[in-house]
Amino acid sequence: MKYYLGLDVGGTNLVAGVVDSTYKIIAKESVSANAGRSVEEITSDMAEVSKKAVRKAGLQLDDLSSWGIGMPSCVNPKTRLLVHANNFGWKNVPIYEYLEKQIPLPVYIENDANCAAYGEVLAGAAGSYTDAVMLTLGTGVGGGIVINKKIYAGFDHMGAELGHTKLVYNGVTCTCGQKGCLESYCSSTALIRRAREAVEATPSSLVMDMCGYDKSQINGEIVFDCAKKGDTVAVRLIDEYIGYLAAGISSFITIFRPEVIILGGGMAQAGDFLLDALNERLHTCTFAAEVIGIPQVIKAKLGNDAGLIGAAFLEKSMGDGPEK
Ligand SMILES: [Zn+2]
């Protein structure tokens with residue numbers, strides 16, 4: 001049996017795991033990320049928590065094939081620089097150097113959303129597919145593309161930022177500073193913003209009742225639940241939300257023609273209520289859908305483990321050795 005060491009670096013926690021060749025996590029450890037600290041401190045913790053997971057698995061570092069890391073950042077494997085990591089406030093950090101001196105294994109690093117898509121294709125909802133596009137619909141929108149069972153991240157691994165593709169010209173300002181990004185319309189944050197505006201205009205909505213008449217308590221789940229119950233305001237909000245989401249996904253279908261679209265994150269918890277309506281909308285708004293059809297849209301299966309499993313197997317995606 002071959003073993004792989006993965007690390008999922010989030011803004012809140014660093015989660016390390018040892019995964020066997022059947023994609024089963026055999027040991028997992030986590031530590032708080034404490035994002036405000038120096039590169040030395042955080043990379044040292046990244047190594048420590050990873051070594052801890054190896055010990056928990058009853059293995060030695062020699063038993064591991066590689067160390068794969070998913071980070072909320074852009075990392076260029078050719079220049080070996082982490083170009084940008086918003087959560088940590090890092091820019092142009094020689095990240096491989098910091099990590100390689102801590103753990104003597106081949107190091108592979110990729111964007112965390114790409115790792116999540118890869119994990120779902122290897123071991124999760126899309127296990128039997130080779131080509132997939134995944135969107136993680138949470139407070140932001142992450143995206144990943146897998147082509148022929150390898151992550152597609154564009155030139156220098158700086159692409160595949162699906163949440164920041166343009167959906168509306170001159171639209172709502174996004175967290176990235178641009179206007180009209182898909183994230184500004186399809187994140188839970190976006191739905192909550194629209195719901196607050198809507199109940200302001202129509203306070204009789206069931207949404208107000210469900211949030212205890214405190215608009216700050218509105219969340220995506222409440223809006224979906226109210227729509228399921230037929231509340232007019234919520235139905236309109238979800239219809240609009242699905243319209244934007246379908247518009248974004250139809251572009252990804254037209255460009256990549258994946259076999260499957262995977263939806264993860266909190267908003268995907270709405271399940272079939274979301275998927276059925278989305279499917280219907282995609283049939284009407286996607287190029288040549290009446291001739292070619294549309295890919296199946298499915299819900300992600302692995303939850304937070306997707307990023308960890310995808311990271312652990314980065315060596316399979318990134319080739320025979322680290323790109324230099
Ligand atoms: Zn953006």
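What counts and how
- For every chain, the first residue of the written sequence is number 1, and numbering continues from 1 along that sequence.
- Note on the predicted model: pLDDT of at least 70 is required for a residue's local features to be given, and 80 or more for side-chain atom pairs to be given and counted; whole-chain, interface and lining totals, by contrast, use all residues.
- As a convention, hydrogens and water are excluded, and side-chain values are obtained from all of the structure's heavy atoms.
- Here a cavity means grid points, on a 1 Å grid over the protein atoms only, where a 1.4 Å probe fits yet cannot get out; a pocket means an open set of points with protein on both sides within 12 Å along at least five of seven lines; lining residues are those with an atom within 4 Å of a point.
- Grid points are joined across faces, edges and corners, and a volume is the space filled by probe spheres set on the points.
- Note on conventions: DSSP H or I runs of at least 4 residues are helices, E runs of at least 2 residues are strands, and numbering of each starts at the N terminus.
- Think of it as three bins: nonpolar holds Ala, Val, Leu, Ile, Met, Phe, Trp, Tyr, Cys and Pro, charged holds Asp, Glu, Lys and Arg, and polar takes everything else, Gly as well.
- Donor selection uses N, O and S atoms within 2.8 Å of the metal (3.2 Å for Na, K and Ca). Since no water is included, sites may look incomplete.
- The geometry test gives tetrahedral to four donors whose angles all lie between 85 and 135 degrees, gives square planar to four donors and octahedral to six donors whose opposite members are over 155 degrees apart with all other angles between 65 and 115, and gives irregular to the rest.
- The buried label goes to any residue with under 20% of its type's maximum accessible area, the exposed label to any with over 50%, and the partly exposed label to all in between, with areas taken from a 1.4 Å probe on protein chains only.
- Each pair of aromatic rings taken from Phe, Tyr and Trp, with Trp reduced to its six-membered ring, is defined by centres within 6.5 Å and is described as stacked if the planes are under 30 degrees apart, edge-to-face if over 60, and tilted in the remaining cases.
- Residues belong to a common nonpolar core when they are buried Ala, Val, Leu, Ile, Met, Phe, Trp, Tyr or Cys residues joined through side-chain atoms within 4.5 Å.
- It only takes one pair of heavy atoms within 4.5 Å for two residues to be counted as in contact.
- Each domain's extent is set by a domain assignment, obtained either automatically or from a database.
- The term buried area means the drop in 1.4 Å probe accessible area that two parts suffer when joined, counted for both and summed.
- Definition of a polar contact: a pair of N or O atoms within 3.5 Å, with one able to donate and the other able to accept a hydrogen when the atoms are protein atoms, and with sequence-neighbouring residues admitted only if both atoms are side-chain atoms.
- Each pair of strands is called paired provided DSSP finds at least two bridges between the two strands.
- The axes used here are C-alpha line fits, helices contributing only the stretch in contact, and every angle between their N-to-C directions lies in the interval 0 to 180 degrees.

So, on to empty space enclosed by the protein. Tallied over the full model, the rule gives 3 cavities of 30 Å³ or more. In this model, the largest cavity occupies a volume close to 60 Å³. As for the largest cavity, its lining consists of Ser184, Tyr185, Ala190, Leu191, Arg193, Arg194, Leu237, Glu240, Tyr241 and Tyr244. Only helix H4 (183–186), helix H5 (188–201) and helix H8 (232–256) provide two or more residues apiece to the lining of the largest cavity. Residues belonging to the lining of the largest cavity are distributed by class as follows: 6 nonpolar, 1 polar and 3 charged.

Let us look at the coordination of the zinc ion. Surrounding the zinc ion are the protein donor atoms His164 (ND1), Cys174 (SG), Cys176 (SG) and Cys181 (SG), at 2.0 to 2.4 Å. Coordination at the zinc ion comes from 4 donor atoms whose angles at the metal span 104 to 122°, giving a geometry best classed as tetrahedral. The sequence pattern formed by the donor residues of the zinc ion is H-x9-C-x1-C-x4-C. Here His164, found in the loop between strand S11 (150–151) and H4, pairs with Cys181, found in the loop between S11 and H4; they are 17 residues apart in sequence, far enough to count as distant. A relative accessible area of 29% places His164 in the partly exposed class.

A few words on the packing of aromatic side chains. Applying the stated criterion across every chain, the model contains 7 aromatic pairs. Both rings, one in Phe224 and one in Tyr241, keep their centres 6.2 Å apart while their planes meet at 85°; by these two values the pair is edge-to-face. Taken together, the residues Phe224 in helix H7 (residues 220–228) and Tyr241 in helix H8 connect sequence positions 17 residues apart. There is no split in this pair, since Phe224 and Tyr241 are both buried. In textbook terms, an aromatic cluster arises when at least three aromatic residues are bridged by ring pairs, as seen for Tyr4, Tyr23 and Phe313.

Turning to the nonpolar core, a few remarks are in order. By size, the foremost hydrophobic cluster in this structure holds 46 residues, and its most contacted members are Leu135, Leu137, Tyr241, Leu245, Ile249, Leu263 and Leu278. In terms of residue count, the dominant contributor to this core is H8 (11 residues). In contact with Leu135, not counting residues within four places along its chain, are Val141, Gly142, Gly143, Leu162, Leu245, Ile249, Phe252, Ile262, Leu263 and Gly264. Judged by nonpolar contacts, the second largest core, of 33 residues, contains Ile42, Met46, Val49 and Leu105.

What follows deals with the domain arrangement of the chain. Each assigned domain of the chain is listed here: domain 1 (3–122 + 305–317) and domain 2 (128–299). Look at where the C-alpha atoms of domain 1 and domain 2 centre, and you get two points 28 Å apart. Each side of the interface is counted separately: domain 1 has 19 residues, and domain 2 has 19 residues. For the pairing of domain 1 and domain 2, the buried interface totals around 1600 Å² over both sides, and the portion due to carbon and sulfur atoms is 61%. The tally of links from domain 1 across to domain 2 stands at 4 residue pairs in polar contact (both at pLDDT 80 or more). For the side of domain 1 that touches domain 2, the secondary-structure elements that each account for two or more residues are strand S5 (74–76), strand S8 (107–111), helix H3 (112–123) and helix H12 (314–317). If you tally residues by element for the side of domain 1 that touches domain 2, the top one is H3, at 8 residues. Residues of the side of domain 1 that touches domain 2, tallied by class, amount to 11 nonpolar, 4 polar and 4 charged.

A word on the side chain of Ser184. Here Ser184 shows up in helix H4. Those residues in contact with Ser184 that lie beyond four places of it in its chain are Val172, Thr173, Cys174, Ala190 and Arg193.

What the 5 strands build is an open sheet, ordered S11-S10-S9-S12-S13; its pairing is mixed. Each of the sheet's edge strands pairs with one partner strand only, and the pair in question is S11 and strand S13 (296–299). Both strand S12 (residues 260–264) and S13 contribute to a ladder of 4 bridges, which runs parallel. Counted as the bridge partner of Val260 is Gln296 from S13. Against the sheet, H8 engages strand S9 (132–137), strand S10 (141–147) and S12, with an angle of about 155° to S9. In this fold helix H9 (residues 272–285) packs onto S12 and S13, with an angle of close to 160° to the strand it touches most, S13.

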